[in-house]
Structures are given as C-alpha cells and as structure tokens.
Amino acid sequence: MAANYSSTSNRREHVKITTDPQPGFLERLSETSGGMFVGLMTFLLSFYLIFTNEGRALKTATSLAEGLSLVVSPDSIHSVAPENEGRLVHIIGALRTSKLLSDPNYGVHLPAVKLRRHVEMYQWVETEESREYTEDGQVKTERRYSYNTEWRSEIVNSRNFDREIGHKNPSAMAVESFTATAPFVQIGRFFLSAGLIDKVDNFKPLSLSKLEDPHVDIIRRGDYFYHSENPKYPEVGDLRVFFSYAGLSGDDPDLGPAHVVTVIARQRGDQLVPYSTKSGDILLLLHHGDFSPEEVFQREQKSNSMKTWGLRAAGWMAMFMGLNLMTRIVYTLGRWGGRGSHRVGPSASFELLTPSSVSLSQVFADSRGALWGRGWSFGPPL
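Please read all numbers here as calculations on a predicted model, not as lab measurements.

A. Broad picture of the pairing of strand E7 (residues 112-135). Sheet topology places E7 next to strand E15 (residues 239-248); 9 bridges connect them, and they run antiparallel. Along E15, the bridge assignment pairs Glu 120 with Arg 240. Examined bridge by bridge, E7 and strand E9 (residues 178-181) share 4 bridges and lie antiparallel to one another. Bridge assignment links Lys 114 to a residue of E9, and that residue is Thr 181.

Okay, structure coming up:
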C-alpha cells in the first residue's frame, strides 16, 4: 500500500493504493450467485410495489371523488353551524394562535404556528474518491481522501475518518436545533386538529436585522447568531444559529399579514378532525392559500397522479435491476467458458446472454402489464 500527502490552506488530502490479485472463476461465480439472489429479491419486491401502488392510487382517487361530492362550505367561519356536525366542511381563513412562540436565549418572539431554531457547527468533512484499475495482472484501487471545513447541521463523526489526526470534530453541540409548535391553532371559531397543524410547513427564514446581540459571547451577523470569537474566520467547533417560522398568526408590521389556509376536514363541534371515507381512506386536507373545493380536490388528484407515476417508475426500475442482476451469472459462465474452448468466445458469450435477457425482458413487460391491469381492475388508470 502506498500513500501520498498534500496540503493546501483549507483543503488537505492524501491517497492510498491497495493491491489485490485478479479474482478467479469461483470468486466471480460466488459474487454473481449472490447478485442473482439479490436480483430475485428485488424482482419480487417490484411486484409488491407496483401492485400495492395501483391499489393505493385507486383508493385515493375514489376517496377524493367522494369528498368532492359531499363537501359543504359554511356561511361563516366565525360561528359553528350545528347542521354541519359530522359533515365534510370547506374552511378558508387566517391562522390564529393563543400566544407568542419564543426562544428567550436569543430574544426571538413572534406570533406563528411553528418556530424552528437551526444550529450548525463548523466541522471537518471527509470526501472519498476511488478508482479501480489493473496493472501487472493485479487489481489496484486508488482512494483519494480530502478534508474540508464546512458548516453542518449534523455531527460529523471524525472517528470514521481514514485519518482523524488533525481533523477531529467535537462529539456534541452545545446548542441544539428544535421546533416549537403552538398548542392551539384556530381559523375563526374552529380549532385545527394535530394532523392539520402538522401540515403547516411553509417555513420562511426569519430576519434578525432588528435584534441585538443576546449575550456577550454571541455575535449577530446578518441573519445568524454566532458562537464564535471571530465569525469571519470560524474555528472547528464554532456554532451559528438561525431561525425560520411557519404559519404567521396575526398581522405583523415586519413579517406581513396573517397566513391564510384552506382546510377540508370533518366538523366535530368546533374542531376540524379527520373524515373517514367509504373506501376506508382519510380526508384531512390543508392547502396554503385561498382555494375553492373544486380547486383543492383537483390539486389533490394531480398530486395522487404524480405519486402514482413516480412509484410506477420506481417499481419498473426495480424490476429491470432485478432482471439485470439475475442474468449476470450467464455472462460470467460464458466469459470463463470461452477461456477453455474455441467455440465459446466473447461473441458466443453474447449469444448465450442475449436470449436470456430478451426472454426475461418479455417477462418484465408481461408482468408489468398484468400487475397494472390487476391493480386497476375496478377503475381506470390515472
């Protein structure tokens, strides 16, 4: 094993080269046999993914159609209509909370549904690049390790580095990230359930321009609070903190008007809770902005269609990868068989591999169509 070392001002790197003998026939056969098993599992998993996805898509589409046919819009959000008890209702209004969210350690206070504190630490980060090549009948692997300092929100464990000496990171942060959530959120007279509050996720960065340094050891620069002696030239272990918020509650002279949302849920007294459809699905919808019931359900149908096609593509890709892994053993046998016979050369190996690939590809196409048709046996595809 050889190693070369170099260092620049902010980037350090070294190279290691390892040497292994050329793998023999049994080794390659063992590898391809293992790959064949993985391929079979991947192929079977793709069947499950495609079939369950089609069933999920149909169930969601049916539930959305049912919801659109049943939803009602109350005359006012400032009173609870008894005749809508238990029904699917469509509510539009500005979010309102009972108290301010705050982080007294940094002097941050604002009316919002959620307030998030983000903490990053200046740390060493290792990057590995490798290439494999053959030289003098041996397989050599060259690995290049480089080290840079970056702001990271997660602890980078330097014990896993190839070379920790000179690149050691702290094992914990003195300040941690967290999200504060308002316990009660309203639209007019209606209270949002926990599931709806979770959907308020339109986080925006909070400007810190009007805040002072909260402590002598904390320096504000732009929209960051720095735990550092010199934010311009940070050292490993230094921290920086910034904030974001979601669902502004009430008008604010600096942040703007209260956030408006559209909710479709079941009315239970003065609460907005999940609605169970006849197909066994749940309707609990929140969209940011002012939308009619038709617009909300159209957006949901579009989202369902995109998710369905995304999972279809993932299933088809998994099926193709499984077939590819299962056919590699044919190539290995053909390649090594060609070394002992003039009749089985590279072209013969290709001829041996091709019929298998074609036949399995046909299985792939037939299976895909069968699963698609089976999943939509009770309705049209999206």
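Additional details are given in the paragraphs that follow.
B. Just the packing of aromatic side chains, in detail. A complete count under the given rule lists 9 aromatic pairs for this structure. Relative to Tyr 226, the ring of Trp 151 has its centre 6.0 Å away and its plane inclined at 65°; by these criteria the two rings are edge-to-face. Of this pair, Trp 151 sits in strand E8 (residues 138-152) while Tyr 226 sits in strand E14 (residues 224-227), and the two are 75 residues apart along the sequence. By the burial criterion, Trp 151 is buried, and Tyr 226 matches it. Judged by centre distance (6.0 Å) and plane angle (45°), the ring pair of Tyr 224 and Tyr 226 falls under tilted. In this structure Tyr 224 comes out as partly exposed when scored by relative accessible area, which is 26%. For the cation-ring pair, Arg 116 lies above Phe 203, with the distance from its terminal atom to the ring centre recorded as 3.9 Å. In this arrangement the basic side chain of Arg 312 is found over the ring face of Trp 309, its NZ or CZ atom lying 4.3 Å from the centre.

C. A look at the pairing of E15. Most of E15 sits inside the fold, with 9 of its 10 residues counted as buried. Where strand E12 (residues 204-205) and E15 come together, 2 bridges link them in antiparallel fashion. Paired with Lys 204 across the strands is Tyr 245, a residue of E15.

D. Representation of the pattern of salt bridges. Following the criterion strictly, the structure yields 8 salt bridges and no others. Where Glu 128 meets Arg 143, a salt bridge forms, and the shortest distance between an N and an O atom there is 3.5 Å. Pair noted here: Glu 128 is in strand E7 and Arg 143 is in strand E8, with a separation of 15 residues, a long-range link. Residue Glu 128 is classed as partly exposed on the basis of its relative accessible area of 44%. Between Glu 150 and Arg 152 there is a salt bridge, with the nearest N and O atoms lying 3.1 Å from each other.

E. Fine view of the side chain of Thr 60. Mapped onto the fold, Thr 60 is located in helix H1 (residues 25-70). Filtering out sequence-adjacent residues up to four positions away, Thr 60 remains in contact with Asp 281 and Asn 304.

F. Expanded view of the confidence of the model for the protein chain. Taken as a whole, the protein chain shows an average pLDDT of 83; of its residues, 78% reach a score of 70 or greater. Across the protein chain, the element-wise mean pLDDT spans from 38 in strand E1 (residues 2-7) up to 98 in strand E20 (residues 285-288). Within the model, pLDDT remains below 50 along residues 1-9, and this stretch shows 16 contacts once partners closer than five positions in the same chain are excluded. Below a pLDDT of 50 lies the segment residues 339-361, which in the model reaches 18 contacts outside its immediate sequence neighbourhood of four places, other chains included.

G. Geometry of the side chain of Asn 169. Relative to the assigned elements, Asn 169 resides in the loop between E8 and E9. In terms of polar contacts, Asn 169 uses its side chain to reach the backbone carbonyl oxygen of Val 156, at 3.1 Å. Once you skip the residues sitting within four places of it in the chain, Asn 169 turns out to touch Gln 123, Trp 124, Val 156, Ser 158, Phe 161 and Val 236.

H. Looking closely at the nonpolar core. Leu 192, Phe 243 and Leu 272 are the most contacted members of the largest nonpolar core, which totals 41 residues. Secondary structure elements with two or more residues in this core: strand E3 (88-94), strand E6 (108-110), E7, strand E10 (185-187), strand E11 (190-192), helix H2 (194-198), E15 and strand E16 (260-268). Per element, the largest residue contribution to this core is 6 residues, and it comes from E15. Here Leu 192 is in contact with Leu 95, Val 185, Gln 186, Ile 187, Ile 197, Leu 272 and Leu 286, once residues within four sequence places are set aside. Ranked by size, the runner-up nonpolar core spans 10 residues in total, among them Leu 64, Ile 264, Tyr 275 and Phe 297.

What counts, and where the lines are drawn
Residues numbered from 1 in each chain as written. Predicted model: local features only at pLDDT ≥ 70, side-chain atom pairs only at ≥ 80, totals over all residues. Heavy atoms only, no water. Pairing = 2+ DSSP bridges. Helix = DSSP H or I, 4+ residues; strand = E, 2+ residues; numbered from the N terminus. Phe/Tyr/Trp six-rings, centres within 6.5 Å; stacked < 30°, edge-to-face > 60°. Buried < 20%, exposed > 50% of the residue type's maximum accessible area, 1.4 Å probe, protein only. Lys NZ or Arg CZ within 6 Å of the ring centre and 35° of its normal. Salt bridge = Lys/Arg side-chain N within 4 Å of Asp/Glu carboxyl O. Contact = heavy atoms within 4.5 Å. pLDDT = per-residue confidence, 0-100. Polar contact = N/O pair within 3.5 Å; in protein donor to acceptor, adjacent residues only side chain to side chain. Core = buried A, V, L, I, M, F, W, Y, C linked by side-chain atoms within 4.5 Å.

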